[in-house]
Structure formats: structure tokens, C-alpha cells
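Below, each chain spelled out in residue letters.
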Amino acid sequence: MTSAASPDYDESNIFARILRGEIPCKKVYEDGHALAFHDIQPQAPVHVLVIPRGAYVSMDDFSANAGDDEIAGFFRAVGKVARMLEIETDGYRMLANHGRNANQEVPHFHVHLFGGRPLGGMVRQPG
Ligand code: AMP
């Protein structure tokens, strides 16, 4: 069951609008817990976003407030999407930005899946 949205959740954020079908996306996968679609500005040959259907601002909100079934369903979907994209053999990076220090742009929890080439070091130093 999806719990009530955090008061900090902005219902007009772009991913909420995609979930409501108000704007299009290049869909990869969907189920009862998650929607996956191609990032509009890909940073690797494979760059897909996976978002939960529930209204969660970020990883912090999701991990604290989502139900066990939502969390399990979401992360099962992330793994399934990676296998659908066939990036699990050569490897991929899963990344979630939370808040200001991580430059989170869209305030609806999402996981980036990057793959299709060697991805280099884990975190670039600020320059
Ligand atoms: P983050 O900095 O983790 O919040 O990343 C947000 C990501 O959403 C960025 O990689 C954007 O390119 C991507 N993005 C923004 N708008 C759209 C959209 N309409 N469809 C697909 N990806 C989007």
C-alpha cells in the first residue's frame, strides 16, 4: 500500500507528470511498483531511470516511509530492468542522488542505471 505523500513532495515535478501520463517518456518497463524510461540527456550508451509509483521525494523519504512491499517491488524492478537492458553481464552502475550535495534535480525518488561502456571512477572530485 502506498502511504501518504510527504508534505515536501511537489506534485508538479516532471516525474509525477510522467507517472500521470501528462507528458511522454521513452518507456522501458512498468509494473505496479515502478516505471522505467530512458533519460532525456543520456550520459552513457545505456542511461535509464527507474522511479517508484509512490510519491517519494528522494531515497531518504523512500527508505524511511515506503512500505516493505513497495521497497521490495521497486528494487526487484530495478534489477529486472537491468537484465532487460542486458547490462548485467558486463556491469552497470546504479546511482541515486539525494538532496543538494548530490545535485538532485528532480524531487521524485529515482535510480539511474548506467551501462554499455566502462564507467570509470566512482565519484568525480569537484573541480
Ligand atoms: P537527478 O539529478 O538525479 O535528479 O537526475 C534527474 C535526471 O532526470 C537527469 O539525468 C535528467 O536528464 C533527467 N530528466 C529530466 N527530465 C526528464 C524527462 N522529461 N524525461 C527523461 N529524463 C528526464
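For the structure, see preceding data.
Notes on the structure follow. (Residues numbered from 1 in each chain as written. Predicted model: local features only at pLDDT ≥ 70, side-chain atom pairs only at ≥ 80, totals over all residues. Heavy atoms only, no water.)

Brief notes about the overall build of the chain
In terms of regular secondary structure, the chain is built from 3 helices and 5 strands. Going from the N terminus to the C terminus, the chain shows its helices and strands as α-β-β-β-α-α-β-β. Computed over its C-alpha atoms, the radius of gyration of the chain comes to 14 Å, within 12% of the 14 Å expected for a compact globule of 127 residues. Dimensions along the principal axes, computed over C-alpha positions, put the chain at roughly 40 × 35 × 30 Å. (Helix = DSSP H or I, 4+ residues; strand = E, 2+ residues; numbered from the N terminus. Rg over C-alpha atoms; globule rule 2.2 N^0.38 Å.)

Some remarks on the packing of aromatic side chains
Overall, the coordinates contain 7 aromatic pairs when judged by the stated rule. Aromatic pair phenylalanine 62 and phenylalanine 75: ring centres 6.4 Å apart, planes at 55°, arrangement tilted. Placement of the pair is phenylalanine 62 in helix H2 (residues 59-65) and phenylalanine 75 in helix H3 (residues 68-84), with a sequence separation of 13 residues. With a relative accessible area of 1%, phenylalanine 62 lands in the buried category. The partly exposed category is assigned to phenylalanine 75, whose relative accessible area is 29%. Through successive ring pairs, a cluster of aromatic residues spans Tyr56, Phe62, Phe74, Phe75 and Phe109. (Phe/Tyr/Trp six-rings, centres within 6.5 Å; stacked < 30°, edge-to-face > 60°. Buried < 20%, exposed > 50% of the residue type's maximum accessible area, 1.4 Å probe, protein only.)

A word on the site of the ligand
In the vicinity of the ligand there are 16 residues, among which Asp39, Asn97, Glu105, His110 and His112 approach most closely. In this structure, an oxygen atom belonging to the ligand sits 2.5 Å away from a side-chain N or O atom of aspartate 39. Asparagine 103 has a polar backbone atom sitting 3.1 Å from an oxygen atom of the ligand. With the chains in place, 88% of the 510 Å² that the ligand exposes on its own is no longer accessible. Every element with two or more residues in the shell around the ligand is listed here: helix H1 (14-19) and strand E2 (34-38). Here the element with the most residues in the shell around the ligand is H1; it accounts for 3 residues. Across the shell around the ligand, the residue classes break down as 7 nonpolar, 7 polar and 2 charged. (Near = heavy atom within 4 Å. Polar contact = N/O pair within 3.5 Å; in protein donor to acceptor, adjacent residues only side chain to side chain. Areas by Shrake-Rupley, 256 points an atom, 1.4 Å probe, with all protein chains shown as cover. Nonpolar A, V, L, I, M, F, W, Y, C, P; charged D, E, K, R; others polar.)

Here's the deal with the environment of phenylalanine 37
Position of phenylalanine 37 relative to the elements: it lies in strand E2. Expressed as a C-alpha distance, the spacing of phenylalanine 37 and glutamate 86, which sit 49 residues apart in the sequence, is 15 Å. Other than its neighbours up to four places away in sequence, phenylalanine 37 contacts Phe15, Ile18, Cys25, Lys26, Lys27, Val28, Val48, Leu49 and Ile51. (Contact = heavy atoms within 4.5 Å.)

Points about the pairing of E2
Burial analysis of E2 places 4 of its 5 residues in the buried class, which makes it a mostly covered element. Pairing of strand E1 (residues 27-30) with E2 involves 3 bridges; the strand directions are antiparallel. Along E2, the bridge assignment pairs lysine 27 with phenylalanine 37. Turn length for the E1-E2 hairpin, with the two strands adjacent in sequence and antiparallel, is 3 residues. (Pairing = 2+ DSSP bridges.)

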